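Secondary and tertiary structure notes
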Amino acid sequence: MTIETTINASTRKRLPEEALAGMIKAMEFPPEYTAQVYSFFVDVPLQDIDRFAARHDIADHVLKRYYLTYIKDFYPNPELEEMLAYAR
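The structure contained in this document is the topic of the report that follows. Note that this is a predicted model, so its numbers are computed, not measured.

A word on the environment of Thr6
Here Thr6 lies in helix α1 (residues 3-7). For the pair Thr6 and Gln36, spaced 30 residues apart in the sequence, the C-alpha separation amounts to 8.4 Å.

Here we look at the side chain of Asn8
Note on placement: Asn8 falls in the loop between α1 and α2 (17-26). Of the residues examined, Asn8 reaches a relative accessible area of 3% and is grouped as buried.

Points about a nonpolar patch on the surface
There is a patch of nonpolar side chains on the surface, built from Val42, Phe74 and Tyr75 and spanning about 310 Å² of accessible area. With respect to the helices, strands and loops of the structure, Phe74 is situated in the loop between α5 (60-71) and α6 (78-83).

Focus: unusual backbone geometry
At Met27, a position not held by glycine, the phi torsion is positive, near 55°. Tracing the sequence through the fold places Met27 in the loop between α2 and α3 (34-43). The class for Met27 is buried, based on a relative accessible area of 18%. The phi dihedral of Asp57 falls on the positive side, at around 55°, and the residue is not glycine. The class for Asp57 is exposed, based on a relative accessible area of 66%.

Cut-off values and rules
Residues numbered from 1 in each chain as written. Predicted model: local features only at pLDDT ≥ 70, side-chain atom pairs only at ≥ 80, totals over all residues. Heavy atoms only, no water. Helix = DSSP H or I, 4+ residues; strand = E, 2+ residues; numbered from the N terminus. Buried < 20%, exposed > 50% of the residue type's maximum accessible area, 1.4 Å probe, protein only. Patch = residues over 30% accessible without salt bridge, like charges linked within 9 Å, V, L, I, M, F, W, Y side chains within 5 Å. Areas by Shrake-Rupley, 256 points an atom, 1.4 Å probe, with all protein chains shown as cover. Salt bridge = Lys/Arg side-chain N within 4 Å of Asp/Glu carboxyl O.

Structure representation (structure tokens):
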């Protein structure tokens, strides 16, 4: 299952993987993609998040900052936090 399949499973508006990567890098959180962004950080397996970040050249500290800024207060993911614990 691809990341796009997972994050778009319950939505009508599709979010391409490349667009998600761009949003994370730019620290953008468009309200029309709230469900997909939350799904990425909660439903996508950690190894796939790690591969996604590598494929799109997203540093761990950027992923961590995005997660802490937009996701953690609503949908905490302790396993992801552990994975990103040493990212600065």
